[in-house]
Amino acid sequence: MENNIIGTKRAADILGVSISTVYRMIEQGILHPTKTPGGQRRFDYEMLIAFKESSKDIIAPQNPYILKKVSEEEHVTVDASEDFDSTKEAVLAHEKKVD
C-alpha cells in the first residue's frame, strides 16, 4: 500500500500543475494530504487520479480561449461559463472573420 503514497512534487507532476498550485489546492481544501511526523505532505495516488478525472471539465480562469488577443486594438471575449469546445469554436470563427 505504501507504493500508492507519494510526495508533493510527484503529486504536482501527476496533476500537471506546479508545486505552488498543489499548496494552494491544499489551502483551499481541494486536496487532502496526510502529513508525516516530520511535516511532509503525502498524497494517495488513487485520490489524485480520481481528482484529475473529475476535474477534466473545469475551465481555468487563465484559459487562452477565454480572452485571446487578435490585434493590438481588438480582443475576442467569450463567456467563461461556456464549455471548452464552444469557446474554442467561437475564437476560431472570429479568427476566420479577421483573416
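This text follows the structure it describes.
These figures come from a predicted structure and were not determined experimentally.

About the thresholds
Residues numbered from 1 in each chain as written. Predicted model: local features only at pLDDT ≥ 70, side-chain atom pairs only at ≥ 80, totals over all residues. Heavy atoms only, no water. Core = buried A, V, L, I, M, F, W, Y, C linked by side-chain atoms within 4.5 Å. Buried < 20%, exposed > 50% of the residue type's maximum accessible area, 1.4 Å probe, protein only. Helix = DSSP H or I, 4+ residues; strand = E, 2+ residues; numbered from the N terminus. Pairing = 2+ DSSP bridges.

Novice: Teacher, can you tell me more about the nonpolar core here?
Specialist: One recurring pattern in soluble globular proteins: nonpolar side chains tend to sit buried together. Among the nonpolar cores identified, the biggest contains 11 residues, and these are Ile6, Ala11, Ala12, Ile14, Leu15, Val22, Met25, Ile26, Leu31, Phe43 and Leu48. Looking at this core, the elements with two or more residues in it are helix H1 (8–15) and helix H2 (19–27). When residues of this core are assigned to their parent elements, the largest contribution, four residues, is made by H1.

Novice: It is not clear to me how the pairing of strand E3 (residues 41–44) should be interpreted in this structure. Could you clarify?
Specialist: Across a regular strand the side chains alternate sides, sitting on one face of the sheet and then on the other. Across two bridges, the pairing between strand E1 (residues 5–6) and E3 is antiparallel. When the sheet's bridge partners are listed, Ile6 is paired in E3 with Phe43. Pairing analysis gives two bridges linking strand E2 (residues 34–35) to E3, with the strands arranged antiparallel. By the bridge assignment, Thr34 is partnered in E3 with Arg42. Hairpin remark: E2 followed by E3, antiparallel, with five residues in the connecting loop; positive phi at Gly39, about 95 degrees.

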